[in-house]
Amino acid sequence: MFITAFYTAKHLFGFTIGLSRSLQGSTLDVTEAYKHVNVVKEQLKDIRKNAKTAFVSSVYEKIKKMAKKAKVKVSIPRTCGRRTLTNNTYARTPVAYFRRAKFPPFLGNLLEQISTLFKELSEAASLGMLLIPANLQQLNESSQPKVCQHYLPDLPFPSSASHGLELWKCFWYVILR
């Protein structure tokens, strides 16, 4: 049913619209972008944990209202034992069917797409942006070990990585003052 797909997408994309707009802007730096992505991913994971109540309270009520306006009945699609390419999820009620057959797959695919686009390695590499002199003020005690750990294999003297980073910060602090 189109109405179900529409409201499922509308509900879940509502969580990503702010992220999409901020990523398209020019004022957000890379590290802040990854923080926003992680917030959205965590919210969607929480929705997945509580999918039953999230679907019924947020989506299904709107589906019923739209179906009533369109003068269609919300019902379970026909099932067939021989079909292997359609979703034959068993459910006694339409709400149970759509909660099982439509909402979790869409949510799972959305989470997978976000995770694919913003991999953990990319996040660690983006910490290297903090080494740019203009961004050094954002390099704090929680991000400094992550930067050192990520670039450790590339350093000539890995054991003195934290010392080198401190010298780098002092050098640019004096110049940019």
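That block above? That's the structure.
Reference entry: report on the structure contained in this document. (Residues numbered from 1 in each chain as written. Predicted model: local features only at pLDDT ≥ 70, side-chain atom pairs only at ≥ 80, totals over all residues. Heavy atoms only, no water.)

## What about the overall build of the protein chain?
Phase 1 of the analysis: The number of helices and strands found in the protein chain is eight helices and zero strands.
Phase 2 of the analysis: Shown N-terminal to C-terminal, the secondary structure of the protein chain runs as helices and strands in the order α-α-α-α-α-α-α-α.
Phase 3 of the analysis: Per-residue burial over the protein chain gives 29% buried out of 177 residues.
Phase 4 of the analysis: Residue pairs in contact within the protein chain that sit at least 24 positions apart in sequence constitute 65% of those at least 6 positions apart.
Phase 5 of the analysis: Of the roughly 12200 Å² of accessible surface on the protein chain, 59% is carried by carbon and sulfur atoms. (Helix = DSSP H or I, 4+ residues; strand = E, 2+ residues; numbered from the N terminus. Buried < 20%, exposed > 50% of the residue type's maximum accessible area, 1.4 Å probe, protein only. Contact = heavy atoms within 4.5 Å. Areas by Shrake-Rupley, 256 points an atom, 1.4 Å probe, with all protein chains shown as cover.)

## A short note on the nonpolar core
Phase 1 of the analysis: Ranked by size, the top nonpolar core spans 28 residues in total, and within it L12, L44, I47, F55, I63, F103 and I114 carry the most contacts.
Phase 2 of the analysis: Top element by residues in this core is helix 3 (residues 51-70). It accounts for seven residues.
Phase 3 of the analysis: When residues no more than four places from it in sequence are discounted, the contact partners of I47 are L12, F15, A54, F103 and L107.
Phase 4 of the analysis: Grouped together as the second largest cluster of nonpolar side chains are eight residues, L127, L136, C148 and L165 included. (Core = buried A, V, L, I, M, F, W, Y, C linked by side-chain atoms within 4.5 Å.)

## Topic: the environment of F118
Phase 1 of the analysis: Turning to its location among the elements, F118 is positioned in the loop between helix 5 (103-117) and helix 6 (120-126).
Phase 2 of the analysis: For F118 and Y34, which are 84 residues apart along the polypeptide, the C-alpha to C-alpha distance reads 7.6 Å.
Phase 3 of the analysis: Residues contacting F118, with those up to four places away along its chain left out, are L23, Y34, V37 and K41.

## Description of the pattern of salt bridges
Phase 1 of the analysis: According to the stated counting rule, one finds three salt bridges in the structure shown.
Phase 2 of the analysis: Between E42 and K45 there is a salt bridge whose closest N-O contact spans 3.9 Å. Placement of both E42 and K45 in helix 2 (residues 30-49) is noted, with a separation of three residues, approximately one turn of the helix.
Phase 3 of the analysis: By relative accessible area, which is 44% here, E42 ends up partly exposed.
Phase 4 of the analysis: A salt bridge links E166 to K169; the nearest nitrogen and oxygen atoms lie 3.7 Å apart. (Salt bridge = Lys/Arg side-chain N within 4 Å of Asp/Glu carboxyl O.)

## Notes on the environment of K62
Phase 1 of the analysis: Examined against the element boundaries, K62 turns out to sit in helix 3.
Phase 2 of the analysis: Taking C-alpha positions, K62 is 31 Å from L117, a pair spaced 55 residues apart along the chain.

## Section: unusual backbone geometry
Phase 1 of the analysis: Look at K71: it is not a glycine, yet its phi comes out positive at around 60°.
Phase 2 of the analysis: Position of K71 relative to the elements: it lies in the loop between helix 3 and helix 4 (94-101).
Phase 3 of the analysis: In this structure K71 comes out as exposed when scored by relative accessible area, which is 78%.

## Some words on the packing of helix 3 against helix 4
Phase 1 of the analysis: Between helix 3 and helix 4, the shortest axis-to-axis distance is 10 Å and the interhelical angle comes to 115°. Viewed along their axes, helix 3 and helix 4 adopt a mutual orientation that is roughly perpendicular. Crossing handedness for the pair helix 3 and helix 4: right-handed. Counted together, A51, K52, F55, V56 and Y60 of helix 3 and P94, V95, F98 and R99 of helix 4 form the full contact between these two elements.
Phase 2 of the analysis: A per-class count over the contact of helix 3 with helix 4 returns seven nonpolar, no polar and two charged. (Axes fitted to C-alpha atoms, helices over the stretch in contact; angles between N-to-C directions. Parallel < 35°, antiparallel > 145°, perpendicular 65-115°, else oblique. Left-handed = near helix turned anticlockwise from the far one by under 90°. Nonpolar A, V, L, I, M, F, W, Y, C, P; charged D, E, K, R; others polar.)

Worth remembering: the numbers are spatial, not functional.
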